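# Chains, contacts and geometry: an overview
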Amino acid sequence: MILQSSYHIFVKEFISEFRTRYALNALLMFVVTTLSINLFSIGHDSPTQEILSGTLWIVIFFSAMSGLSRTFVAEEERGTSLTLRLLTDSTSVYTGKLIYNFILIFVLSIIIAIAYLLLIKEFSVKTYSIFWLTIILGSAGLASASTILAAIIAKANTKGTLFPVLAFPILLPLLLTCINATKLSVDGAFFSEAIKEFQILISFAIVMVTTSLLVFDFVWKD
Amino acid sequence: MKTWLKIAVSIWITGIIIAGISFPMVRVPETWWQFPLIPGLEEKARNIIFHVPISWATVVAFVMSMIYGVLYLRKKDIDYDLRSVSSAGLGLLLCVLATLTGAIWAKFNWGSFWNWDPRQTSIFILLLIYGAYFVLRSAIDEEERRATLSSVYSILAGVTVPFFIFVMPRIMSGLHPGSLGDEQGNLPVLEFKMATNMLIVFFASLIGFTLLYFWMYSLKIRTMRIERQIQHETEIN
């Protein structure tokens, strides 16, 4: 029952996004802008791999922030949140939106990562298994924390600017671990050396999803 | 808080401050009022009596704020929200104090005010969390909605704290005891290798600052309640 309605919420998100393609276009432009700023600032210098793996996650973090903040705001603006509240329970709304956000961020991070690998020649990944697993788990963590924060933001008065402020302290353990794991993949570490990082990333996502499921009801029904 | 308890806490804290600052540090302690001189730390070791208990009180304030947040969500009684925000306000003050005492200690022991050691990073994040909490509160006008959303945020922030306290110091190298690469071992809290009399003053200080927090908290919650009452009365008139 919950699975089915979550799936329907997910499909609804997908369809309403493809009707306007607002978030998708805005996100792609955002990625292009931040990447070109990176490229301009690098110029002919050759920055270290550590700095480059840091900036990769800066690009992913801010693109995710600009894309995910609209998840629930659109619902409030269109006035559809009341209908949703009548039709289905809060758990399926949360799960549907979470899956949609995860896929959005996942696709986005893959685009950013590929563009990064192609455009910046100093950035060469040696252990691809660590790199891609970090991207997957990192986007799972980003999506899990930002879905509930987007729900909080939608109820506040200032909707736009608050989101990164609220998200940054909560996402910092995730970002630091992601940067660490990316450094390992660039340094050519073995897969087994990054196990610790993956454990942190997995537990972060699990903790966030579990807590969100417990408290989402209060935010949604408020 | 009872009056006798307030007097007791005042005397207690005064005693700790006197003991912490004035007890001489000698190479070979002979009487109960002499602290041993630790090589590398010397007189700077006195800060442990103030810095660590303040950081501890910060965590107590944070946890109390989170617990009252949970209670608000369960009971929907606005008084719990007042308690939660009072505790968070005190937590912010204590957090700033812990950061400052820590930064001064870092300057004289490690050479610079800020080193991005894992514990320094965590206290910085705690400051950011408090900042975000109060920004979120100021962005919502409606009292009940503000209480609900800020409670949810403090819970979300609360569940990430274990990552900072237990996880980050394990994977990042740092300067505090208990960090990765520390020969004393990878323990979340430092192993107590202090001299007995110093340990007694240290624990007395922990208790003293915790009681001081509760005293300040009881004052704060009472003013918060009165402020809310006045606000309501002016709105009616």
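Residues numbered from 1 in each chain as written. Chains lettered and ligands numbered in written order. Predicted model: local features only at pLDDT ≥ 70, side-chain atom pairs only at ≥ 80, totals over all residues.

### Regarding the overall build of chain B
A count of helical and extended segments in chain B gives six helices and two strands. For chain B, the N- to C-terminal ordering of α and β elements is α-β-β-α-α-α-α-α. In chain B, which comprises 237 residues, the proportion classed as buried is 32%. Here the analysis covers contacts within chain B between residues at least 6 apart in sequence; of these, 66% occur between residues at least 24 apart. (Helix = DSSP H or I, 4+ residues; strand = E, 2+ residues; numbered from the N terminus. Buried ≥ 20, exposed ≤ 12 C-beta atoms within 10 Å, placed from the backbone. Contact = placed C-beta atoms within 7 Å.)

### Topic: the overall build of chain A
From N to C terminus, chain A includes nine helices and zero strands. With the C-alpha coordinates of chain A rotated into their principal frame, the extents come out at 55 × 35 × 30 Å. For chain A, the proportion of its 222 residues judged to be buried stands at 45%.

### Thoughts on helix H7 (residues 128-155) of chain A
Residue and element names in this part refer to chain A. Here H7 is 28 residues long and its end C-alpha atoms lie 41 Å apart, about the 40 Å a rise of 1.5 Å per residue gives. Bending of H7 peaks at approximately 25° at the position of Ser146. Within H7, 23 of the 28 residues are buried, which leaves it mostly tucked inside the rest of the structure. (Expected span 1.5 Å × (residues − 1). Bend = angle between axes of the 7 residues up to and from the residue.)

### Re the packing of helix H3 (residues 49-68) of chain A against helix H8 (residues 162-187) of chain A
All names here are of chain A. Contact pair H3 / H8: the axes reach a minimum separation of 9 Å and the direction vectors enclose 145°. Pair H3 / H8 crosses with right-handed handedness. Note on element contacts: H8 touches H3 through Phe163, Pro164, Ala167, Leu175, Cys178, Ile179, Thr182, Lys183 and Val186, opposite Gln49, Glu50, Ser53, Gly54, Leu56, Trp57, Phe61 and Met65. Within the contact of H3 with H8, the residues separate by chemical class into eleven nonpolar, four polar and two charged. (Axes fitted to C-alpha atoms, helices over the stretch in contact; angles between N-to-C directions. Left-handed = near helix turned anticlockwise from the far one by under 90°. Nonpolar A, V, L, I, M, F, W, Y, C, P; charged D, E, K, R; others polar.)

### A word on the nonpolar core
Core analysis: the largest hydrophobic core is formed by 114 residues, its most contacted members being Leu149, Ala151, Ile152 and Leu166 of chain A together with Leu136 and Tyr153 of chain B. In terms of residues, this core owes the most to one element, H7 of chain A, which gives 15 residues. For Leu149 of chain A, the residues in contact, after removing those within four places along its chain, are Phe163, Leu166 and Ala167 of chain A. (Core = buried A, V, L, I, M, F, W, Y, C linked by C-beta atoms within 7 Å.)

### A closer look at helix H1 (residues 2-20) of chain A
An α-helix turns once every 3.6 residues. As a result, residues three or four positions apart point the same way. All names here are of chain A. With 19 residues, H1 should reach 27 Å at 1.5 Å per residue; the first-to-last C-alpha distance of 28 Å fits that figure. Among the residues of H1, those classed as buried are Ser6, Ile9, Phe10 and Glu13. Down the axis, H1 shows its buried residues gathered within 100° of arc, on one side only. Residues of H1 that are exposed and angled more than 90 degrees away from the buried face: Gln4, Val11, Ile15, Phe18 and Arg19. Contacts from the buried residues of H1 go to helix H6 (90-119). The positive-phi residue at the C-terminal boundary of H1 is Arg21, with phi of around 55°. (Arc of directions from axis to C-beta.)

### Notes on the environment of Arg27 of chain B
Residue and element names in this part refer to chain B. Within the secondary structure, Arg27 is located in the loop between strand E1 (25-26) and strand E2 (35-36). Assessed through the 8 C-beta atoms surrounding it within 10 Å, Arg27 is described here as exposed. Linking Arg27 and Glu42, residues 15 residues apart in sequence, is a C-alpha distance of 9.7 Å.

### Brief notes about the interface of chain B and chain A
Across the boundary between the two partners, chain B contributes 25 residues, which contact 25 residues of chain A. Elements with a contribution of two residues or more to the side of chain B that touches chain A: helix H4 (118-138) and helix H5 (143-171) of chain B. Sort the elements by how many residues they give to the side of chain B that touches chain A and H5 of chain B lands first, with 15 residues. Of the residues contributing to the side of chain B that touches chain A, the split by class is 21 nonpolar, two polar and two charged.

### Some details on the environment of Val159 of chain B
Mapped onto the secondary structure, Val159 of chain B falls in helix H5. Taking the C-alpha atoms as reference, Val159 of chain B lies 9.8 Å from Met66 of chain B; in sequence the two are 93 residues apart. Ignoring anything within four residues of it in the chain, the contact list for Val159 of chain B reads Val207 and Thr211 of chain A.

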